[in-house]
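# Breakdown of the fold
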Amino acid sequence: MARWLNIENDIKTLVFQITGFQEGEENFALCVQFAMSNIKYHRFLSVDSHRVTKSLNGMLEKFEIHSQLDKKDCLQRLCDQFLSMPCFEGRDTGKTDTHYSLLMLLLNVGENPTHSPYAGKAQILKAPEVVDDFDWGAYLREGIETYSTIYADSDSESDFEPLSDDDDETVVPVKSKDIEISEKQEVDPSISTITSDASTFYVEEEPDPRESGVAWLTRNVTVQYWCGQNQPEDPESTENLKKDWQKYREATDPIYTNKDSVTMSEIQLLREVLWILAGVTDSFVFILHGDEFIVRENIFVQHLTDNSLKSYLSCFARYGSYVQHLLCFEEEAICGSYDLSITDNNNLTCQTYQAFANAISNFIKSLRKELTQLEKRMTKQEQTMTLAMLHGDLSPWLKKIELIHSLYVRGIQEADWMVNNCQRASHLLSGLFEAVVEYDTLGQNASDVVELLIPLWIQTTKPYIEVIDEWITNGNLVDPRSEFILKRNENVKSLDESFWETAFTIHIPEDSALPSEIHESQHTVTEKSKPNSSRKSVDKSAGSSHWAPEFLEPVILEVVLAGKSMEMIQDLGKLADVCGVKREKSLYTLFLESLQELLGTRPHEDFIKEPPPDLSMYPEQVDRQMKIKGIHDPLLKINFMNIFHACNVRLHGPIEEEDQDSQMLSVLETERLQPINLILKQCLYPHITQKYSKVCTCLVQILKEEYNLMGYLAAMRHFFLMEAGDTMFDFYSPIFDKIRLNTHWRDISTVNLILQEALQAHFPEESRRLYVSIEDLPKDRHPINITDCIKLHYKVPWPVDVVISSKCQAIYNQIFTFLLQVKRAKYCLDELRFCDLEKDSVLHSHSGTEFSLHLDEDMPREGRIHRMHILRMRLTYFVNSLHNYIMTRILHSTGIEFKQDLEKAKDLDQIIAVHNKYVNTIHERCLLHKMVKLLKQAVMNVLNLILNFQALWDEGIQEISLKTIEGMEIEFSRCILFLSTFLNNVIKRGSFPHLESLAFALVTSTEHLTKGRAHVT
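Below is a summary of the structure that appears in this document. (Residues numbered from 1 in each chain as written. Predicted model: local features only at pLDDT ≥ 70, side-chain atom pairs only at ≥ 80, totals over all residues. Heavy atoms only, no water.)

## What to know about the environment of Val751
Examined against the element boundaries, Val751 turns out to sit in helix α30 (residues 748–762). Sequence spacing of Val751 and Ser773 is 22 residues, and the spatial spacing of their C-alpha atoms is 8.4 Å. Filtering out sequence-adjacent residues up to four positions away, Val751 remains in contact with Phe731, Ile735, Trp745, Val772 and Ile774. (Helix = DSSP H or I, 4+ residues; strand = E, 2+ residues; numbered from the N terminus. Contact = heavy atoms within 4.5 Å.)

What follows is the structure in C-alpha cells.
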C-alpha cells in the first residue's frame, strides 16, 4: 500500500502542475482517478512474456541455422538460469515481468548476434577422467572354455596327427589372466590351482582396440606427399628402377643429393593430372606460375626415369595451362560484364565474348565429367592405369583443348589491339567461321573437330543474331555493348529526310588507325546508286578489317535494309500491320530448328527428352460445381483453365532457353553435315531474306498507297522536267515576254502569282506545294543565264522526302534551269514575226537615205532579209533538234525506264537508288555533267547567239548589216561543226550512245559550212 500511496501523491502533484486544479475540486478528483486507473490496470507499457519467449526461440533457431550451436546452447542455458532466479518483485519464484523486461531490453540492444565472434569459456574439469580398465571381453567370455595349441618346430608328421583319446584327458581349461574377480564372486578353488604348461598351451590375448585402429589408419591413409612425406618402400616390391638409378647417381656424382626428393605413386600423379585438367590451381606436382603450370622438381616414381616422368608431366602441364587460360577468360568475361564503375561500353565485355565464354564453360563441364569418370575408375583400382594409358585415353580431349585454346588465342588475344567491341566481336565470329570452314574442307578426317566447332560457333553467334532479330522484327537496335556493325546516329531524328542515309553508320571510331578498306566497305554498304549491281556480297578485302562477321556478309545489306525499314514502319505507326498479334519465333530458334531439320538428330544420353508435363489441370470438381450451380459460362471456364495452367507452369518451372539451345545443338547429326556455306544458305539466310522481303515490301506498299509516293514523283516530272507542257508554258511564256520587252519581272510575288495562275487550270491541288524563289545572279552572266535565278521548290512531306530529298530537288533545279534556257531560245525563235524584221526604223526617215545606202552597198535589203530568214531556219532547226532530243530521247524514254524499274523495286533502298539513277541520268544527258562541259559550252554559245539574233530581228533589217549576219553565220557554223565532230567521235567510242540522235540531227547542218567559209574568204 505504501507503494501505491507514494504514486498517488505524485499523481496529485502532477495533476496540479498540469491543470492548475486545487485539491478538493470535482475536476481534480476526476483527473486523479483517471490517472490512477490507467497506471494500475492498463498494460500498454508492460512487457509481453509470450512475445519475448517467441523472439528468444527465434534467436535460438537462427543460431542453429547459422551452425552456431555453441552460442545457442550458451544462450539457452543462461536464459533458463536467469528466468528461474527469484530475485525481483519480492517473489519466491522466477519469470516475473522484470525478468522478461530485461530479456526484451537485451534482445533489442543486440545487433547482428550471428555475426559477432563468440569464444566460450574453457570448462575446467573438476574430476579426472576415469579410465575403464575392466576387461569386458574376458568378463563376457566367462564360463566359455578357450583352447589354443602351439605346435613344436618339427618337420615330422606327428604334429599333424589327431589327438588320441588319452590326450583328450590332458587338456586343461585355462582362464584369461587379466580377469578381475570381485569379492562377492565365488571362485572354484580347483581352477585357481591349475597352472598352464608353456610348452603345450598358451592363453590367447585380445589386441588393444585403440592400437588396432591406429594400425589400420597407418595402413590405409594416403601418405601426405604434399607435406614432404615419401611413399614407404616395400621390401618385397619389384620396382627397383628408381632405387638403382639413385644409387648410380650417388656413385657417379659426388655433389648429388636426394634430400628434398619426394617419392610418389603413379596413382597420386594421375589424380594430380586430372585435377589440373579440371581447372584446379592448387596442386603439389604442378606449380601455377602466372598463368602457366610448371612441373615441380625432385618428384620421383619408383618405376619411371626422370626424363620419362618429366616428358609426361610437362605435356599434361601444357594442357593444364590451356585450361587455366580458358577459365581465366571465362572469369574475366563474367566480371567484365557487370562492372558498374565502367561507363564506356567498349570497355565492358561484349555479349559475343560472353557467349563464347559460355560455350567454353559447357565444353569444360563435359571435360570435367569425363575426368570425374576416370577418377572414379582410378579410385576403384580395378584396372591398371598409367600415365601413358591416361594420355591415350585423354588424347581426343587433349586435341579439343588445344583446338579451343588456339581459337581463343586467334579470336581473343590477337584482338587486343582493336579499339571497340564491334571489331572484337566481328573478329571473333569471323575467326570461328574460318576455322569451321577450314576443318570442314578436310571431310571425314576432321569430323570430330567439326562436331565440336559447329555448336561452339553457333552459340557464340547467338547475341549477334539476337541483335539482328530484334532490329528486323521490332525495329529496335538494341546493342548494349556496341558490338553490332552499325550504330544509331542520335543526332538524326526519325522524321528527318536524311534518316535513310545518315541514321545508321558503321561502328568505327574516329581515332581508329584502320586501313582504308574500312571506308571502302562503308561506301559499299551505303551505296544506293547501283540497284542492278550485285547486292548479295560485300568486298572480301574488307574482311581483313574486321568490320563485319564473315558469315553475315552475303546478307548484311538485307539486314541493314530490313532494320531501317522496320524502324521507319515503327515511326509511321504501322508496326502492328507487320508484326501482327502472334509472337513469332526468334531468328536464332528458327536457325536451330532448320539445322535440326536439315541434319537430323541423334539420341544423346545426356539429354533424354522427357514427356512434357500435363498442363490440363482443369479439375473435374470445378466443372461439376459449375453444372450444379447452373452456370454455363464458357468465358468463366476458360479463365479457370488459364489459372490452373499458370499454376502448373509455375510448379514445373519454365525450361531455360540456354539449356534448350544446348540440347538442340548436342543432338545434331554431324554425319550428314554439308558444307557450312550451304548450311547457311539453307538454314539462316532464308529466314533473314524472308523477314527482309516482308518488311520492305510492306513499307513500299505503305509509301505507295497511303503516302502517294507515285503522285509526288509524277509531280516532280510534271513541273521540274516540264512534262506538263501546257501548265509550264503558261508559267514561262509571260516571263519570257517581260524579258523581251525589258520590263521588270524579277519579283518573287509576281513570279509566284504567274505560277499559281498556271497551276489553277490543270493542277489546282499542287498550288499549296509548289512555289518559286528568286536568287541573285553573277555579274559576268550571259543573256541566256538571266533565267537562272528562278528556282522551283516543292513541299514534300515525310516520309516521301526520304526519296525526294533536298539534294534531289537541287539536281532537279539544275535540269529545270537548263530546260528553261532551251525553252526560252525556242520561244524566242517561235515568236519572231516577219513584220518586225521588215519594218522601217523610227529613227531613220527618208532623209537618212545615205545611211541606209551605206548599209546596202554590199547587198540589197531583200538579200539581207533572205539571209536572216535562212539563219533563222538553221537556228530553229538546231533548237528543235535539241528540244526534241531532250524531251523525247531523254525525258520520255528515261521516264519509261524509270517507271519500269520503280515497279520492280522491292524495298525503299531500291526506290531511292532508282530515283537517284533517274535524276542523275537526266542530269548527265542534259549536258550538265563535268565530262561534257565543252559540249555544253558550245550549246550555250548557240543559245546566246539565238538571243542576240532575236534582238537584232526586233530592231529591224535597217539596223542589220551584212557583216553582222555573216558574223553570226560563221559563229553558228563553228559551233555546229564542233558539236557534230565531237558527238561523232564520242559515238564511235561508244561512250554516250544516247547522243546518237542529236549527232545525226546536227550533221545535216554542216552542209552550209562550205558556203560559210566561202563567204568568209
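More follows now that the structure is in view.
## Thoughts on the pattern of salt bridges
According to the stated counting rule, one finds 12 salt bridges in the structure shown. In this structure, the salt-bridge partner of Glu64 is Lys72, at a minimum N-O distance of 3.2 Å. The partly exposed category is assigned to Glu64, whose relative accessible area is 43%. Its salt-bridge partner being Glu969, residue Arg867 comes within 2.7 Å of it at the nearest N-O pair. With Arg867 in helix α34 (residues 861–904) and Glu969 in helix α37 (residues 962–989), this residue pair connects regions lying 102 residues apart in the sequence. Here Glu969 falls in the buried class, since its relative accessible area comes to 11%. (Salt bridge = Lys/Arg side-chain N within 4 Å of Asp/Glu carboxyl O. Buried < 20%, exposed > 50% of the residue type's maximum accessible area, 1.4 Å probe, protein only.)

## Digging into the packing of helix α31 (residues 806–830) against helix α36 (residues 933–955)
Here α31 crosses α36 at 35°, and the two axes come no closer than 9 Å. Like other packed secondary-structure pairs, α31 and α36 cross with a definite hand, here left-handed. Touching Phe818, Gln821, Val822, Arg824, Ala825, Cys828 and Leu829 of α31 are Met940, Leu943, Ile946, Leu947, Phe949 and Gln950, all from α36. Of the residues assigned to the contact of α31 with α36, the class counts are 10 nonpolar, two polar and one charged. (Axes fitted to C-alpha atoms, helices over the stretch in contact; angles between N-to-C directions. Left-handed = near helix turned anticlockwise from the far one by under 90°. Nonpolar A, V, L, I, M, F, W, Y, C, P; charged D, E, K, R; others polar.)

## Focus: a nonpolar patch on the surface
Taken together, the side chains of Leu102, Leu105 and Val109 define a hydrophobic patch exposed on the protein surface, amounting to about 270 Å² of accessible area. Inspection of the secondary structure puts Leu105 in helix α5 (residues 97–109). (Patch = residues over 30% accessible without salt bridge, like charges linked within 9 Å, V, L, I, M, F, W, Y side chains within 5 Å. Areas by Shrake-Rupley, 256 points an atom, 1.4 Å probe, with all protein chains shown as cover.)

## Brief notes about the packing of aromatic side chains
In the structure shown here, the tally under the stated rule is 22 aromatic pairs. Each ring, one from Phe329 and one from Tyr353, has its centre 6.1 Å from the other, and the planes form 65°; the classification is edge-to-face. In this pair, Phe329 is assigned in helix α12 (residues 306–335) and Tyr353 in helix α13 (residues 351–380), connecting sequence segments 24 residues apart. The same class applies to Phe329 as to Tyr353, namely buried. Joined through ring pairs, the aromatic side chains of Tyr464, Trp471, Phe484, Phe499 and Phe504 make up one cluster. In this structure, Lys400 is placed above the aromatic ring of Trp397, and the distance from its NZ or CZ to the ring centre is 4.7 Å. Over the ring of Trp500 we find Lys564, and its NZ or CZ is 5.4 Å from the ring centre. (Phe/Tyr/Trp six-rings, centres within 6.5 Å; stacked < 30°, edge-to-face > 60°. Lys NZ or Arg CZ within 6 Å of the ring centre and 35° of its normal.)

## Side note on helix α2 (residues 26–41)
An ideal rise of 1.5 Å per residue puts 22 Å on 16 residues; α2 measures up with 22 Å between its terminal C-alpha atoms. Within α2, the full set of buried residues consists of Phe28, Val32, Met36 and Asn38. Each buried residue of α2 lies within a common arc of 160° when the element is viewed along its axis, so the set occupies one face. Turned more than 90 degrees off the buried face of α2, the exposed positions are Glu26, Gln33, Phe34 and Tyr41. (Expected span 1.5 Å × (residues − 1). Arc of directions from axis to C-beta.)

## A look at the nonpolar core
Residues Leu390, Phe731, Ile886 and Leu908 are the most contacted members of the largest nonpolar core, which totals 221 residues. Residues in contact with Ile886, not counting those within four places in the same chain, are Phe818, Leu819, Val822, Leu891 and Cys926. One finds Val52, Cys79, Tyr100 and Leu103 within the second-largest nonpolar core, a separate group that totals seven residues. (Core = buried A, V, L, I, M, F, W, Y, C linked by side-chain atoms within 4.5 Å.)

## Points about unusual backbone geometry
With an omega of 10°, the peptide bond running from Trp798 to Pro799 counts as cis. The residue Pro799 is located in the loop between β8 (790–794) and α31 in this model. Phi at Met722 takes a positive value of approximately 60°, unusual for a residue other than glycine. Among the structural elements, Met722 can be located in the loop between α28 (709–719) and α29 (725–740). By relative accessible area, Met722 is classed as buried at 2%. With a phi close to 65°, Leu927 is a non-glycine residue in the positive phi region. Within the secondary structure layout, Leu927 lies in helix α35 (residues 908–928). The class of Leu927 is buried, set by a relative accessible area of 3%.

## Here we look at the environment of Leu759
Mapped onto the elements of the fold, Leu759 is located in helix α30. Each C-alpha atom, one on Leu759 and one on Asp726, is 9.8 Å from the other, the two residues being 33 residues apart in sequence. Contacts of Leu759, omitting those with residues within four sequence positions, involve Phe719, Thr727, Pro764, Glu766, Ser767 and Leu770.

## What to know about the pairing of strand β2 (residues 286–289)
Where β2 meets strand β3 (residues 292–295), four bridges bridge the pair, whose relative direction is antiparallel. Across the sheet, Leu288 pairs through a bridge with Phe293, a residue of β3. Counted between consecutive antiparallel strands, the loop separating β2 from β3 contains two residues, among which Gly290 sits at a positive phi close to 75°. (Pairing = 2+ DSSP bridges.)

## Quick word on α36
Helix length check: α36 (23 residues) gives 33 Å between terminal C-alpha atoms against 33 Å at 1.5 Å per residue, within 8%. The first or second residue beyond α36 is Gly956, which carries a positive phi of 105°.

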